[in-house]
Amino acid sequence: MCKTEKFLYHRKLWEIKVRLLGDNKVEKLRSSFVSRSPVSLWMIRAVSILLIWSCFVHLMALGDMWGPRFFNGWPSCFIKQHGLSTALELKSLPAKIALPPKRVYQNNGYLMVSCNGGLNQMRAAICDMVTVARFMNVTLIVPELDKTSFWNDPSEFKDIFDVDHFISSLRDEVRILKELPPRLKKRVELGMYHAMPPISWSNMSYYQNQILPLVKKHKVLHLNKTDSRLANNELPVEIQKLRCRVNFNGLKFTPQIEELGRRVVNILREKGPFLVLHLRYEMDMLAFSGCSHGCNPEEEEELTRMRYAYPWWKEKVINSEVKRKEGLCPLTPEETALTLTALGIDRNVQIYIAAGEIYGGERRMKALTDAFPNVVRKETILESSDLDFCRNHSSQMAALDYLVAVESDIFVPTYDGNMARVVEGHRRFLGFKKTIQLNRKFLVKLIDEYTEGLLTWDVFSSMVKAFHSTRMGSPKRRLVIPNKPKEEDYFYSNPQECLQLLDEPLRVV
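For clarity, every value in this text was computed on a predicted model and none was experimentally measured.

Visitor: Provide a residue-level description of the overall build of the protein, including the pertinent values.
Guide: For the protein, the count of helices and strands is 20 helices and 11 strands. Taken over 509 residues, the protein has a buried fraction of 45%. Of the contacts formed within the protein by residues at least 6 apart in sequence, a portion of 75% connects residues at least 24 apart. When the accessible area of the protein is evaluated, it comes to approximately 28300 Å², of which 57% is carbon and sulfur surface.

Visitor: Summarise the packing of aromatic side chains; cite the residues concerned and give the values.
Guide: Across all of its chains, the model carries 15 aromatic pairs by this definition. Plain terms: the ring middles of Phe248 and Phe429 are 4.1 Å apart, the flat faces sit at 15° to each other, and that makes the pair stacked. With a gap of 181 residues between them, Phe248 in helix 9 (residues 237-250) and Phe429 in helix 18 (residues 418-429) connect regions that are remote in the sequence. On the basis of relative accessibility, which here comes to 17%, the residue Phe248 falls in the buried class. With 4.9 Å between their ring centres and 85° between their planes, Phe491 and Tyr492 make a pair best called edge-to-face. Residues Phe491 and Tyr492 agree in their burial class; the two are buried. Chaining the aromatic ring pairs together yields one cluster made of Phe157, Phe161, Phe166, Phe253 and Tyr402.

Visitor: Tell me about the pairing of strand 9 (residues 410-413), and name the residues and values.
Guide: In strand 9, alternate side chains face the same way, and those of Ile410 and Val412 on one face and Phe411 and Pro413 on the other are all buried. With four bridges joining them, strand 6 (residues 274-278) and strand 9 adopt parallel strand pairing. Looking across to strand 9, one finds that His278 is bridged to Pro413.

Visitor: Run through unusual backbone geometry, naming residues and quoting values.
Guide: Positioned with a positive phi, Trp201 is a non-glycine residue whose angle comes to about 55°. Following the sequence through the fold, Trp201 ends up in the loop between strand 4 (194-196) and helix 8 (204-218). With a phi close to 70°, Lys219 is a non-glycine residue in the positive phi region. Within the fold, Lys219 resides in the loop between helix 8 and strand 5 (220-223). The exposure class assigned to Lys219 is partly exposed, which follows from its relative accessible area of 41%.

Visitor: Break down the pairing of strand 7 (residues 350-353) for me, citing the residues and quoting the values.
Guide: The alternating pattern of strand 7 places Gln350 and Tyr352 on one face and Ile351 and Ile353 on the opposite face, and all of these are buried. Strand direction decides the pairing type here: strand 6 and strand 7, joined by four bridges, are parallel. Pairing of Leu277 across the sheet is with Ile353, part of strand 7. Since strand 7 and strand 8 (residues 375-376) lie parallel, the crossover through helix 15 (residues 361-371) that links them has a hand, and here it is right-handed.

Visitor: Kindly report on the packing of helix 4 (residues 119-136) against helix 8, identifying the contributing residues and their values.
Guide: Where helix 4 contacts helix 8, the axes come no closer than 10 Å and their chain directions differ by 70°. With respect to their mutual orientation, helix 4 and helix 8 come out roughly perpendicular. Judged by residue contacts, Met129, Val132, Phe135 and Met136 of helix 4 engage Met204, Tyr207, Gln208, Ile211, Leu212 and Val215 from helix 8. Counted by class, the contact of helix 4 with helix 8 contains nine nonpolar, one polar and no charged residues.

Visitor: Give me the state of the cysteines: which residues, what numbers.
Guide: Enumeration according to the criterion identifies two disulfides in this entry. Across a sulfur-sulfur distance of 1.9 Å, Cys244 and Cys498 are joined as a disulfide pair. A torsion of 85° about the S-S bond marks the disulfide between Cys244 and Cys498 as right-handed. Here the residue Cys244 occupies a position in helix 9, and Cys498 occupies one in the loop between strand 10 (479-480) and strand 11 (507-508), the gap between them amounting to 254 residues. Comparing Cys244 with Cys498, the two get one shared label, buried. Two residues, Cys291 and Cys329, share a disulfide whose sulfurs are 1.9 Å apart. Negative torsions about the S-S bond denote left-handed disulfides, and the value of about -85° found for Cys291 with Cys329 makes this one left-handed. A residue pair is termed long-range when its members are at least 10 positions apart, and Cys291 in the loop between helix 11 (283-289) and helix 12 (297-309) and Cys329 in the loop between helix 13 (320-325) and helix 14 (333-342) qualify at 38 residues. In this structure, Cys291 and Cys329 share a single accessibility class: buried. Cysteine Cys115 shares no disulfide, and the gap to the nearest cysteine sulfur, in Cys127, comes to 9.8 Å.

Visitor: A description of the packing of helix 4 against helix 18 should follow, citing residues and the corresponding values.
Guide: Running from N to C, helix 4 and helix 18 point in directions that differ by 55°, and their axes come no closer than 7 Å. What the angle tells us is that helix 4 and helix 18 run oblique. Judged by the twist between their axes, the crossing of helix 4 over helix 18 is left-handed. Each of Asn120, Gln121 and Arg123 in helix 4 lies in contact with helix 18, whose residues at this interface are Asn418, Met419, Val422 and His426. Looking at the contact of helix 4 with helix 18 residue by residue, the class counts come to two nonpolar, four polar and one charged.

Visitor: Tell me what's going on with the nonpolar core, and back it up with residues and numbers.
Guide: Leu111, Ile126, Met136, Phe157, Phe166, Phe253 and Tyr352 are the most contacted members of the largest nonpolar core, which totals 77 residues. Looking at which element gives the most residues to this core, the answer is helix 4, with 11 residues. Phe253 has contacts with Leu119, Arg123, Ile160, Phe161, Asp162, Glu258, Ala399, Tyr402 and Leu403, leaving out every residue within four places of it along the chain. By size, the runner-up hydrophobic cluster in this structure holds 40 residues, among which are Leu275, Ile351, Ile436 and Leu455.

About the thresholds
- Residues numbered from 1 in each chain as written.
- Predicted model: local features only at pLDDT ≥ 70, side-chain atom pairs only at ≥ 80, totals over all residues.
- Heavy atoms only, no water.
- Helix = DSSP H or I, 4+ residues; strand = E, 2+ residues; numbered from the N terminus.
- Buried < 20%, exposed > 50% of the residue type's maximum accessible area, 1.4 Å probe, protein only.
- Contact = heavy atoms within 4.5 Å.
- Areas by Shrake-Rupley, 256 points an atom, 1.4 Å probe, with all protein chains shown as cover.
- Phe/Tyr/Trp six-rings, centres within 6.5 Å; stacked < 30°, edge-to-face > 60°.
- Pairing = 2+ DSSP bridges.
- Right-handed = clockwise from strand over helix to strand, strands pointing away.
- Axes fitted to C-alpha atoms, helices over the stretch in contact; angles between N-to-C directions.
- Parallel < 35°, antiparallel > 145°, perpendicular 65-115°, else oblique.
- Nonpolar A, V, L, I, M, F, W, Y, C, P; charged D, E, K, R; others polar.
- Disulfide = S-S within 2.5 Å.
- Left-handed = near helix turned anticlockwise from the far one by under 90°.
- Core = buried A, V, L, I, M, F, W, Y, C linked by side-chain atoms within 4.5 Å.

Listed below in C-alpha cells is the structure:
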C-alpha cells in the first residue's frame, strides 16, 4: 500500500480499538509501551529492521530469478512508473560472458617469444606459439611484437590486440601472463635465461624432445624468431584446431580498431557490395622482390638502393623480368585493372584498396581508377581525425584493412603474401567467402600476348575467366609436398581441419 493508504488504515484500526477496549484500557496499553526500557525498544527496532531487510533481499533475489514480469502485479507505490522501471533497466544490461575454467597443469617453465615481420606474419606466429606452449605445458608470456623491421612500428601487443580477451579466452588451454613473475623478471634482466630461434617448419616432436628440455633446464626460454616455426601438415588434429581457435577466437583487435573497422564496413555497405583489393605495390615490396616492371629508371635505382640498405634482405641482384614471367612479382596496378575487367567485375563496384602507399602514386593508379571509378581507401572515406590513433603505426593500419577484407563481398590479392593467405583462410572459415586467387604466371603471359595484339579482348577475357573459375575460395584440400613446406599450401590459407568439408584424403604431390 502507499504511505497515505497505510496511514489511514492504521488510524482507523486505532479508533476501532478505542471503541472496543475503552479509554482506560487503551491508556494502559499505551503506557505499557512507554514504560518499556529504552534497550528493549532498541532491540525490537533492530530485529524488525533486520527482518524487513532480509525479506527485501529475498524479494530481490526472486525478482532476478523470475525476471521483470514478477513485479507487474505490485502496486504503483512499490515500482516507479515514470521512465524505465528498474526491472526493465536490468533487462537491458549486457549478459556476462562466461569464461572457460582455467586449465590446471604442472608448469614446466616460462616461454617468451619475439615475433618478427608484418602484422599477419606475427599473427600466424602467435597462434603457433600458443599451441607450442600448450603442448609443452609451459606458461606463455604475452608475445613481443617486431619493432625493428622495415615498418618501424612501435606498437605493443596491447595496442593491436585485446590482451585481456587473449588471456582469458584461452585460459582453459594455457596459462598466459602479461609479464614474468618478479623473481624471474630479475633473472632475465641479469641475462640468466636461454634465447634461440627454433627450426622452421618443425613438428611437435622437435618441441617435445629439443625445446622442452631447455625450458626445464633454464626455467625461462626466449624464442627470438617465430615466423613459420611450425609445420603445415602431419600434426595432430587437436594441434591444428587449437591454431584455429587462437586465430579466429583468441586474437581480437582492440575495441578501438574493431569499432573503426565496423564503421568502414558500414560506410561501404550503405552504397552496395564492395570488393577489397590487396594491391601489394608498396615500395618495400618492390624493393624486396626486385620487381620493377613499369617503373622508370629513377624508380628502379631507388628500389635497388633500398634493397641494399637492408642487410637481412639476402637477395640483392635480381632480374625483374625473369621473376615477373615466373609469377613471382605482384601484379602492377595496370595489370590488375586488365585482370579485374577481364574477370567481369562490375565497373561501378566499390573497390577498397587494402594497402599502404602505392609506389608511383596517382600516375601508376590511373589505369585502375579509369577502369573502376569507385576506388576508395580508408583515408578517403574516414575523417583524418579518425585515423589519428593509428597514424604512423603500420600494423594498426593493417589491422583495420584486415577487418574490412574479411567482411568484403569479394577479396582479391595481387600477391600471395602473409595478409593474402591469412585473410583467405579466415574467409574460408566464415563460410568460404569469395576470394579470387590470381595465378600471376598465367596472367602476365596472357597480358603480354594481349598488349602485343596476339589476342583479342574477347579471347583474353574468356581465357582469364575459364582459368580462374575454380580459384574462387571454394572448399578444397591443402596441397602437401613432402620436405618442401615453402612450396605446399600454407596452413593458415586453408585450415581444413577446422572447416566443414567432405571426408576426403589429403592431396599429396
